[in-house]
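What follows is the residue order along each chain.
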Amino acid sequence: MDFSPAILRHFLAARFLRSFKDRQALENWQNRRMQIFRKSVLAKLPLYRNMADAPLDEFPIAGKQFVQDHFKDLNVLGLSFDDALRQARQGVSPKGYTIGMSSGTSGNRGVFLVDDAERKHWAGVMLAKALPPGGLLKCHRAALMLAANSNLYRATQHSGRLTFRFFDLSQGLDRHREALEAYHPTLLIAPAHVLALMARQNWAIQPERAFSAAEVLDKREANIIGRSWGEPVHQIYQCTEGFLGITCRLGTLHLNEDCILVEKQWLDKERHAFTPLITDFSRRSQAMVRYRMNDILIASPTPCACGSPLQAIARIEGRRDDILAFPSDQGGMVLLFPDDVRATVLDAAPAASDFHVRQHSPERLSLSLEGAVPEEQAKNAAAKLAEAIRRVGAKPAHIQTMPFMPIEHHATKLRRVVREFSLMEDAQ
Ligand SMILES: [Zn+2]
């Protein structure tokens, strides 16, 4: 596809026109866009038709299961979930549309529908926000390395000054080395652990900007990547549900509130931790209204020095199901956030180059440390972890130390802290 006028229009609008002088100006813009979205999209969908004028907080909260159950009433073509999934598997789509597939971590497949105009909008906005200063005055070669296998990414393959190439990580990482080194990407987008691995192995590439996408960016990995390629690593907060955020020139992650509306569902107000509910007023073939992400975001308590009124995010801490949960002394459950687990383990065992914590049941965890870790440090890590669990008010838990199993499959998102059982509030 050529760099079409539509992509260029969205690129220019997002890069140069859509700057808001303050939060109020941004919210006014969102309100206007929401009005249009309610009239032109929601009023046409069976699920929302009768409530298109209702306050947003009266709309049901959606999740993966909700979308699967109501798919037919959420898309303008009236496609059933099974038909959409079948077409996606066969690689066919209705004319003018793309049906994409996403793999759930629990194994259940998701599907989504976008039309060509939405794909161009996505590509234009993404480019506008991702390109370094100078934009398209220079030629850029972007490499996107994800296990998405989604035809959404075909939108920008050949676009004049920008070449865009997709490397599918579900085929493994090593097989891409030769091709990626020959391609010499100026923009490189990949999961953090893949960037860190390429940096450690000294791949012969020198991207102007590297973006971590699709998983939590660990501080140590950020340092390794930064040391290799000169600039602090940038972040894209993007998933099959949409393009949700990206770092500004100062390296702060901002939510794309010029394209989406974000409600904060607080997990812990003191630590500014929330789960975002996303309403995407830029979409029109499939409605995404109050879609609850599985992520824990930490809101930045102060505005970013770049001056943008788009919500600044201090960090993405992990997924809701990375939060460990324990029975409390007082009844009910208490939570231990993955960042606290990370800090506790790595402080107690500085010789560990990596670690995994798995919570198998409310009372039972396993801890594995990578590298030549002295036994004393390993014991200390388990003891400190037990202390951290007690500190949040939980009953004592049993912690078993296990040998470290490196992940072999780069298609899998790297999660260092995982809770393996569900809580009531996970169900949706
Ligand atoms: Zn900023």
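Structure's up top.
Residues numbered from 1 in each chain as written. Predicted model: local features only at pLDDT ≥ 70, side-chain atom pairs only at ≥ 80, totals over all residues. Heavy atoms only, no water.

**Q** In this structure, what is going on with the nonpolar core? I would like to understand it.
**A** Burial of nonpolar side chains together is a common tendency in soluble globular proteins. Residues Leu-42, Tyr-48, Phe-59, Val-111, Tyr-237 and Val-289 are the most contacted members of the largest nonpolar core, which totals 49 residues. Beyond its immediate chain neighbours, meaning those up to four positions away, Val-111 contacts Phe-71, Phe-81, Ala-84, Leu-85, Ala-88, Ile-99, Gly-100, Met-101 and Gln-286. Among the nonpolar cores identified, the runner-up in size contains 25 residues, and Leu-346, Ala-352, Val-373 and Ile-399 belong to it. (Core = buried A, V, L, I, M, F, W, Y, C linked by side-chain atoms within 4.5 Å. Buried < 20%, exposed > 50% of the residue type's maximum accessible area, 1.4 Å probe, protein only. Contact = heavy atoms within 4.5 Å.)

**Q** What is the right way to look at the coordination of the zinc ion in this model?
**A** Geometrically, a metal with four donors at the corners of a regular tetrahedron has ideal angles of 109.5 degrees, and one with six donors at the corners of a regular octahedron has ideal angles of 90 or 180 degrees. Bound to the zinc ion are the protein donor atoms Cys-248 (SG), His-254 (NE2), Cys-304 (SG) and Cys-306 (SG), situated 2.1 to 2.3 Å from the metal. Along the chain, the residues donating to the zinc ion fall in the pattern C-x5-H-x49-C-x1-C. Placement of His-254 in strand S10 (residues 253–255) and of Cys-304 in the loop between strand S14 (295–299) and strand S15 (312–319) is noted, with a sequence separation of 50 residues between them. (Donors = N, O, S within 2.8 Å, 3.2 Å for Na, K, Ca; no water. Helix = DSSP H or I, 4+ residues; strand = E, 2+ residues; numbered from the N terminus.)

**Q** In this structure, what is going on with the environment of Ala-123? I would like to understand it.
**A** Relative to the helices and strands, Ala-123 resides in helix H5 (residues 116–130). A C-alpha to C-alpha distance of 7.9 Å links Ala-123 and Phe-11, two positions 112 residues apart in sequence.

**Q** Is there a simple way to explain helix H3 (residues 64–74) in this structure?
**A** Counting along an α-helix, one turn takes 3.6 residues, and residues three or four places apart therefore face a common direction. Of the positions making up H3, those classed as buried are Phe-66, Val-67, Phe-71 and Leu-74. Angularly, the buried residues of H3 cover 150 degrees about the axis, an arc narrow enough to put them on a single face. Tucked into the core, H3 has its buried residues touching helix H4 (81–90), strand S2 (109–115) and strand S13 (291–292). (Arc of directions from axis to C-beta.)

**Q** Explain the pattern of salt bridges to me, please; I cannot follow it from the model alone.
**A** For side chains of opposite charge, pairing can occur when their charged atoms come near one another. If you walk through the whole model with that rule in mind, you get 19 salt bridges. For Asp-22, the salt bridge goes to Lys-21, with nearest N and O atoms at 3.9 Å. In this structure Asp-22 comes out as partly exposed when scored by relative accessible area, which is 30%. The closest approach of N and O atoms between Arg-284 and Asp-115, which form a salt bridge, is 3.0 Å. In this pair, Arg-284 sits in the loop between strand S12 (273–279) and S13 while Asp-115 sits in strand S2, placing the two residues 169 residues apart along the sequence. The exposure class of Arg-284 is partly exposed, given its relative accessible area of 43%. Connected through shared salt-bridge partners, Arg-271, Arg-315, Glu-317, Asp-339, Asp-340 and Arg-342 make up one network. (Salt bridge = Lys/Arg side-chain N within 4 Å of Asp/Glu carboxyl O.)

Function cannot be inferred from these measures alone, as they are strictly geometric.
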